[in-house]
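Residue-level structure breakdown
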Amino acid sequence: MKQLFLAAISLIFVAACSDSNNNTTPAPVLPDFAEADAWMADFVSTEGAFPGGAYIIVDRNLGVIHKAVFGNQTGDSLVLLASTSKVPTVTLLMALHDDDSIDFDINSPIARHLPWLGVWDENITTRQLVSNRSGIPGLGQVLGNLDTSSTHLCQFLPAGTLYACAETLYTSPLPQLNSTPPGTAFDYGGSQWQLSGAVAETVGGTSWNQLWDQYIAQPCEMTQSTYGNNLSLAAEWDGNPESLQGQDNPNMEGGMMATLDDYAKLLSMHLNEGLCGGNRVMSADSVAYMRELTTRFDDGRGYAMGWWSESSGSDEESTLFTDAGAWGSISWIDTERNYAGVVFFEEYTMQEASKGSGGVRNQLIGIVADAIDSY
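To keep things clear, this report deals only with the structure shown in the data block.

Parameters and conventions
- Positions within a chain are numbered from 1, following the residues in the order the chain's sequence is written.
- Two thresholds apply to this predicted model, a pLDDT of at least 70 for residue-level local features and 80 or more for giving and counting side-chain atom pairs, whereas whole-chain, interface and lining totals are computed over all residues.
- Processing note: side-chain calculations cover all non-hydrogen atoms of the structure and skip hydrogens and water entirely.
- The secondary structure listing takes helices from DSSP runs of H or I that are at least 4 residues long and strands from runs of E that are at least 2 residues long, numbered from the N terminus.
- For this measure, only C-alpha atoms enter the radius of gyration; the expected value for a globule follows 2.2 Å times N^0.38, where N is the number of residues.
- Accessible area is worked out with a 1.4 Å probe on protein chains only. A residue is then buried under 20% of its type maximum, exposed over 50%, and partly exposed in between.
- Residues count as neighbours in contact if any of their non-hydrogen atoms are within 4.5 Å of one another.
- With residues, only the protein chains shown are counted as cover, and all accessible areas are computed by Shrake-Rupley using a 1.4 Å probe.
- Positive charges come from Lys and Arg alone, negative charges from Asp and Glu alone, with His and the N- and C-terminal ends not counted.
- All charge positions are set by atom: Lys at NZ, Arg at CZ, Asp at CG, Glu at CD.
- Salt bridge, as used here: a side-chain nitrogen of Lys or Arg that lies within 4 Å of a carboxyl oxygen of Asp or Glu.
- As used here, the arc belongs to the directions running from the helix axis to the C-beta atoms.
- Helix axes are fitted to C-alpha atoms over the stretch in contact, other axes to C-alpha atoms as well, and angles between N-to-C directions run from 0 to 180 degrees.
- Note on angle classes: values under 35 degrees are labelled roughly parallel, values over 145 roughly antiparallel, values of 65 to 115 roughly perpendicular, and the remainder oblique.
- Should the near helix be turned anticlockwise from the far one by less than a right angle, the crossing is left-handed, and should it be turned clockwise, the crossing is right-handed.
- Under this grouping Gly is polar, as are all residues other than the nonpolar Ala, Val, Leu, Ile, Met, Phe, Trp, Tyr, Cys and Pro and the charged Asp, Glu, Lys and Arg.
- Whether two strands pair comes down to DSSP finding at least two bridges between them.

1. Topic: the overall build of the protein chain
Across its full length, the protein chain carries 11 helices and 13 strands. Relative to the compact-globule value of 21 Å for 375 residues, the protein chain shows a C-alpha radius of gyration of 21 Å, a close match. Counting only C-alpha atoms and orienting by the principal axes, one finds that the protein chain spans roughly 75 × 50 × 45 Å. Split into buried and exposed, the 375 residues of the protein chain put 54% on the buried side. Partitioning the contacts of the protein chain with sequence separation of at least 6, the portion at a separation of at least 24 is 67%. For the protein chain, the computed accessible surface area is about 15,600 Å², with 48% contributed by carbon and sulfur atoms. Taking the 15 positively charged and 45 negatively charged side chains of the protein chain as two groups, their mean positions are separated by 6 Å.

Written out as structure tokens, the structure reads:
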């Protein structure tokens, strides 16, 4: 990626020193992503559960350097992202954390902000909610015990409001499920993420989607992305934004819909230390803080806030972070090469979705990195 930047600077310098009557600046030569395109084309043509797919690659300095679509997807397809929503969700929370005009610190107890008498530890912080270390039973426990966790199912349904659902989650115990003191154990997803949205609505003074527009979408010129709650209706999704349900009760960990171009703008902001063009969305410290690990696993991977840290295969800290979703999509950022990408898949039955995100993680990301390194 360093070579990419130097090449671009060299082209500008040469143009500036050439004949003054020639005002045309040559476009920078970009990496060859033919092998990555071939991987995507082969995957879509051979995997029956994936009728289409698309991906986009963003460079820190040059912006979008590649975009390709396959099968039944187009460059403007609106896709439901499942857990690839997690990084955007934490992005908004950190933007609120950076706003000195409101009283919010992501490391302060959520009991300061939620007006209800809760049944969970009063010392739980918002950071613990979105690093899956709050001690509240996670997604697997809730979905694996539907008969005893019915009071917590509002987070997966489009009816009602986020605020009302959060009150139910905060005041309803789950005595037959395993809970732990905050900060002591990792338990992925679930009610804790939905509570983070209620914290945002309380401190921000308006709905989650209005906050998303104000703090992220408008300054980054993201025109299509928003949150809903089609988790129980995903198989019926037809790409029409009018069919997005649950916008008053959006799911925090998995409710976002977006286009490739919109998601690329979010990734570009993370690459540029919180800047969307000339608009400061987050502080550079907050962008980096989202990637600080809160949990390390025996396989070398780790979890931060929204981002998974991929194993580097050595004692060095990983420079590759991913955010995969249950319907096959996955985003990633490479802090060594200063680029990021996202692949959209739509395997809404979830039966084979892991083939999509897993194939990207284990194969396509390496192919893209090789293309950048060999440039």
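2. A closer look at the pattern of salt bridges
All chains considered together, the criterion is met by 11 salt bridges. Across the pair Asp 261 and Lys 67 runs a salt bridge whose closest N-O atoms are separated by 2.9 Å. You can see Asp 261 sitting in helix 9 (residues 260–271) and its partner Lys 67 sitting in strand 2 (residues 63–71), a full 194 residues away along the chain. Overall, the relative accessible area of 32% leaves Asp 261 in the partly exposed class. With a closest N to O distance of 2.8 Å, Asp 373 and Arg 337 form a salt bridge. On the criterion of sequence distance, the pair formed by Asp 373 in helix 11 (residues 353–373) and Arg 337 in the loop between strand 12 (330–334) and strand 13 (339–344) is long-range, its members being 36 residues apart.

3. A closer look at helix 6 (residues 162–171)
Residues Leu 162, Cys 165, Ala 166, Leu 169 and Tyr 170 constitute the buried set of helix 6. Along the long axis of helix 6, the arc covered by the buried residues comes to 130 degrees, so they all point the same way. In the core, the buried residues of helix 6 are packed alongside helix 7 (191–204) and helix 8 (208–217).

4. Details of the packing of helix 3 (residues 86–98) against helix 7
Axis separation between helix 3 and helix 7 bottoms out at 11 Å; the angle between their running directions is 30 degrees. By the angle class used here, helix 3 and helix 7 are roughly parallel. In terms of crossing hand, the pair formed by helix 3 and helix 7 is left-handed. Contacts between helix 3 and helix 7 involve Lys 86, Thr 89, Val 90, Leu 93 and Leu 96 on the former and, on the latter, Trp 193, Ser 196, Ala 200 and Val 203. Considering only residue class, the contact of helix 3 with helix 7 consists of 6 nonpolar, 2 polar and 1 charged.

5. Thoughts on the sheet that holds strand 12
In any sheet, the strands associate via hydrogen bonds between backbone groups, in a parallel or an antiparallel arrangement. Strand order across the open sheet formed by 8 strands is 2-1-13-12-11-10-9-8, with antiparallel pairing between neighbours. Every other strand in the sheet has two partners, leaving strand 2 and strand 8 (295–296) as the edge strands with one partner each. Helix-sheet contacts for helix 11 involve strand 1 (52–59), strand 11 (320–324), strand 12 and strand 13, and the interaxial angle to strand 13 is about 140 degrees.

6. Re the sheet that holds strand 3 (residues 79–80)
With antiparallel pairing, 3 strands are arranged side by side in an open sheet as 3-5-4. Edge positions in the open sheet fall to strand 3 and strand 4 (226–227), since each of these has one partner strand only. Pairing of strand 3 with strand 5 (residues 256–258), which is carried by 2 bridges, proceeds in the antiparallel orientation. For Leu 80, the partnering residue across the bridge sits in strand 5 and is Met 257.

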